[in-house]
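Spelled out, the chains give:
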Amino acid sequence: MARYDNILEVEPDLDGTELRIGIVMSRFNANVSEGLLGACTAELVKRGVQESGMLLVTVPGALEIPLALQRMALTDQFDALVALGAVIRGDTYHFEVVANQSASGVAAVQLDTGIPVANGILTADTDDQALARMSQKGAEVAQVALEMANLLRELDEVTQ
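Predicted model, so just to flag it, every value in this text is computed and none were measured. (Residues numbered from 1 in each chain as written. Predicted model: local features only at pLDDT ≥ 70, side-chain atom pairs only at ≥ 80, totals over all residues. Heavy atoms only, no water.)

To continue, consider the overall build of the protein. Counting secondary structure elements, the protein contains 4 helices and 4 strands. For the protein, the sequential pattern of α-helices and β-strands runs β-α-β-α-β-α-β-α. Considered along the principal axes of its C-alpha atoms, the protein spans approximately 55 × 35 × 30 Å. By the burial criterion, 41% of the 160 residues in the protein qualify as buried. Sequence separation of at least 24 residues holds for 77% of the intrachain contacts in the protein that already meet a minimum separation of 6. Carbon and sulfur atoms make up 51% of the accessible area of the protein, which totals about 8,900 Å². Looking at charge distribution, the protein has the averaged site of its 10 positive side-chain charges lying 3 Å from that of its 23 negative ones. (Helix = DSSP H or I, 4+ residues; strand = E, 2+ residues; numbered from the N terminus. Buried < 20%, exposed > 50% of the residue type's maximum accessible area, 1.4 Å probe, protein only. Contact = heavy atoms within 4.5 Å. Areas by Shrake-Rupley, 256 points an atom, 1.4 Å probe, with all protein chains shown as cover. Lys, Arg positive; Asp, Glu negative; His and termini not counted. Charge placed at Lys NZ, Arg CZ, Asp CG, Glu CD.)

The subject of this paragraph is the UniProt feature "binding site: 5-amino-6-(D-ribitylamino)uracil" (unreviewed entry) in the protein. Look at the UniProt record and you will see "binding site: 5-amino-6-(D-ribitylamino)uracil" (unreviewed entry) annotated at F28, A62, L63, E64, A86, V87, I88 and N119. By the secondary structure assignment, E64 is in the loop between β2 (54–59) and α2 (65–74). Judged by relative accessible area, which is 35%, E64 ranks as partly exposed. With respect to the helices and strands, the residue A86 is situated in strand β3 (residues 80–88). (UniProt positions renumbered as here; feature names shortened; annotations may be inferred.)

This paragraph deals with the UniProt feature "binding site: (2S)-2-hydroxy-3-oxobutyl phosphate" (unreviewed entry) in the protein. Here, UniProt's "binding site: (2S)-2-hydroxy-3-oxobutyl phosphate" (unreviewed entry) annotation points to D91, T92 and R133. Across 43 residues of sequence, these annotated residues are also dispersed in space, with a maximum C-alpha separation of 22.9 Å. For D91, the position within the fold is in the loop between β3 and α3 (94–113). Using a relative accessible area of 86% as the deciding quantity, one classes D91 as exposed. Along the chain, R133 falls in helix α4 (residues 127–158). Taking the relative accessible area as the measure of exposure, R133 reaches 39% and is therefore partly exposed. Beyond its immediate stretch of four places on either side in the chain, R133 contacts L122, T123 and A124.

Take α2 next. What α2 keeps buried is the set I65, P66, A68, L69, M72 and A73. Across the axial projection of α2, the buried residues extend over an arc of 160°, all falling on one side. Every exposed residue of α2 that faces more than 90 degrees away from the buried side is listed here: L67, R71 and L74. Packing partners of the buried residues in α2 comprise β1 (21–26), β2, β3, α3 and β4 (117–124). Taken from the residues just after α2, D76 is the one with a positive phi, measuring 60°. (Arc of directions from axis to C-beta.)

In structure tokens form, the structure reads like this:
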């Protein structure tokens, strides 16, 4: 719904028809990652993405996600990418390193390549927190990927 009568506005669009989505999932904290993946792919299919239009790549942990995303983005085969994983606080500083560096790497991929990346790497204090959030977060990152892919397509059309 347009907010202003005299301004061209790009509306949010969650239609996944004909979109190609790449997913990179961490195998560390696999139960949470699998839950994120199930919710994400269910939402993508619900929104019109064909299963044949998705590619899933798994990596050992959250720190490896950005490199796989970058390689996928550089193929120019995807309209959007999704990062899935879980970083759960432990007793050491390692949690902060992994959480911060993975988030920074994911952001860098989309800024460097122009391919939208929806960050679904959960950071939680406990396994229970992560498990409680995984279904909602998985669906949300699917929606973000679709909205951003469609937004960039629309921007390309209205700015040319």
